[in-house]
Each structure stands twice: as structure tokens, then as C-alpha cells.
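Inside the fold
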Amino acid sequence: MQTIKNSLGQSHDYIRLFVKEGDTVVDATCGNGNDTAFLAELVGEKGKVYGFDIQDRALSNTKKRLDGLGLNERVELIKDGHENMDKYINTPVKAVMFNLGYLPGGDHSIGTKPETTVHAINKAMNLLTKGGVVVVVIYYGGDSGFEEKDRVMEFLTGIDQKEYIVMKTEFINQANCPPILVCIEKL
Ligand SMILES: C[S@@+](CC[C@H](N)C(=O)[O-])C[C@H]1O[C@@H](n2cnc3c(N)ncnc32)[C@H](O)[C@@H]1O
């Protein structure tokens, strides 16, 4: 049966629309590696995924997941903040994926932060090839609070429409702050 997917499911659908085999892409928040593995499958053997996280635990969970799936050759895992992604990537990329918040099953106080997230989204937009996309799944409320969502939305609202299309999808009749999806396409 067809149903409307949650924001994470929709983010994968958008990524699938844009990314082809052989592309270079970025997972800006590896966490437990689900999105890194998804991206690595999509780019295929000739593609490349850069994966960032600031926590050893996240990177080791991601590495285990990739090893188990035989995908580690096409992924470079980097222990640094995504706000520094331009230090490691010097080619245009087709897609950058952000899954904000804290590591599921980890310390809720080590989550993404408003200032660095906005810097990182800006850098990701600059790294995009024309026709590339940044997708951001924004968790808010609960331990994530509201500040990061508000700062990100403020930043995105000011982006020049001649340079990028910015789209926001949200569920408006669900309790407990369901995550928001944002897609930013470079024109
Ligand atoms: C919601 S989790 C990501 C889930 C992940 N995509 C998955 O598939 O399991 C958010 C992750 O962002 C990481 N994080 C927080 N601040 C960061 C930063 N400045 N740069 C990169 N990663 C960061 C956290 O350590 C956490 O693992």
C-alpha cells in the first residue's frame, strides 16, 4: 500500500533522484552509518562518499556497518566537524546529506549545533555541482530544542532564489515535532 513517507524516507527519495553511479557525495552526519551505507550503495564502485562525524563511537559504528556490507572502499570517514568539510573535499559534489540531532542510542548532549550547522550547510551549498542537492532532515523539540531549527530556517529563507531552489516539507497535523525535510538544489 502507498503511504506518505516520513522525512528521512523522503530525503532518500530526493537523493535517489539526483545521485547517479560514479558520483561524489557527502554524509555530513554519519551517526550509525545508515545514510552513509545508503549513499555508498547509490554511488556504486566508481563513486565516492565522504563521511563526517565528531564522535569515535559514530565513526566506528559506521565503519562496522560499511565493512559488513562490503562498501568501505568507496567511503572516506573523517573525524571532524562538517563545518570543516571544505578542508577535505576539493572537488564538486552531487549531494550532501545532513541528518541533524544526536546519535541514536548515544549521548543526547553531543548533538549538532545551530552555529556549526548553518556554517556547514553554507559550505555544502558552495561545494555542490550545478544540479546538485543538499538535503537536511531537521529534528527538533525534545532534547534537540528549537534553536537549531529556527537558525537553519532563518538562514535558508534568505538564500537567493536565482542561485538555489529551497524547499521545506513538514507534517502539520502530527504531535511531538515530527522532523522537517529541507532540499536545496543548486541552479
Ligand atoms: C541523528 S545522528 C545521524 C544519523 C545517521 N545519519 C545515521 O544514519 O545513523 C547525528 C550525528 O551528527 C553528529 N554530529 C554532531 N555535530 C557534528 C558536527 N559538527 N559535524 C559532524 N557530525 C556531527 C553526531 O555525533 C551524531 O552522530
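1. Here's the deal with the overall build of the protein chain
Each helix and strand counted, the protein chain has 6 helices and 7 strands in total. Element order for the protein chain, N to C, with α for helix and β for strand: α-β-α-β-α-β-α-β-α-β-α-β-β. For the protein chain, whose C-alpha radius of gyration is 15 Å, the value lies close to the compact-globule estimate of 16 Å for 187 residues. Oriented by its inertia axes, the alpha-carbon framework of the protein chain measures out at about 40 × 40 × 40 Å. Each of the 187 residues in the protein chain was classed as buried or not, and the buried ones make up 41%. Restricting the contact set of the protein chain to residue pairs at least 6 apart, pairs at least 24 apart contribute 74%.

2. With respect to helix α3 (residues 56-69)
In a regular helix each residue adds 1.5 Å, so 14 residues correspond to 20 Å; α3 covers 20 Å between its end C-alpha atoms and thus fits that length. Looking at α3, one finds that the buried residues are Ala-58, Leu-59, Asn-61, Thr-62 and Leu-66. One side of α3 holds all its buried residues, which, seen down the axis, span an arc of 160 degrees. Pointing more than 90 degrees away from the buried face of α3 are the exposed residues Asp-56, Asp-67 and Gly-68. Structurally, α3 contributes buried residues whose contacts are with α2 (34-43), β2 (48-53) and β3 (75-79). Once α3 ends, the next one or two residues include Gly-70, with phi positive near 70 degrees.

3. Notes on the environment of Met-85
Assignment of secondary structure puts Met-85 in helix α4 (residues 85-88). Taking C-alpha positions, Met-85 is 9.1 Å from Leu-127, a pair spaced 42 residues apart along the chain. Residues in contact with Met-85, not counting those within four places in the same chain, are Val-26, Ala-28, Phe-52, Ala-120, Lys-123, Ala-124 and Leu-127.

4. Observations concerning unusual backbone geometry
Trans is the prevailing form of peptide bonds, just as negative phi is the prevailing case for residues other than glycine. Even without being glycine, Asn-176 reaches a positive phi, approximately 65 degrees. Among the structural elements, Asn-176 can be located in the loop between β6 (164-169) and β7 (180-186). Classification of Asn-176 by C-beta neighbours within 10 Å gives exposed; the count is 6. Positive phi is not limited to glycine here, since Cys-177 has a value of about 50 degrees. Locating Cys-177 in the fold gives a position in the loop between β6 and β7.

5. A look at the pairing of strand β1 (residues 24-27)
Along β1, one buried face is formed by Thr-24 and Val-26 and the opposite face, lined by Val-25 and Asp-27, is buried too. Relative to β2, β1 runs parallel, the two sharing 4 bridges. Bridge pairing in β2 links Asp-27 to Gly-51. Both β1 and strand β4 (residues 93-99) contribute to a ladder of 3 bridges, which runs parallel. Within the sheet, the bridge partner assigned to Val-26 lies in β4 and is Val-96.

6. Concerning the sheet that holds β2
With mixed pairing, the 7 strands of this open sheet are ordered in space as β3-β2-β1-β4-β5-β7-β6. One side of each edge strand has no neighbouring strand; the edge strands of this open sheet are β3 and β6. This sheet shows a mean twist of 15 degrees between the axes of neighbouring strands, independent of strand direction. Looking at chain direction, β2 and β3 are connected through 5 bridges and run parallel. Counterpart to Val-49 in the pairing with β3 is Val-75. Helix α1 (residues 7-18) contacts β4, β5 (128-138), β6 and β7 of the sheet and is inclined by roughly 170 degrees relative to β5.

Parameters and conventions
Residues numbered from 1 in each chain as written. Predicted model: local features only at pLDDT ≥ 70, side-chain atom pairs only at ≥ 80, totals over all residues. Helix = DSSP H or I, 4+ residues; strand = E, 2+ residues; numbered from the N terminus. Rg over C-alpha atoms; globule rule 2.2 N^0.38 Å. Buried ≥ 20, exposed ≤ 12 C-beta atoms within 10 Å, placed from the backbone. Contact = placed C-beta atoms within 7 Å. Expected span 1.5 Å × (residues − 1). Arc of directions from axis to C-beta. Pairing = 2+ DSSP bridges. Axes fitted to C-alpha atoms, helices over the stretch in contact; angles between N-to-C directions.

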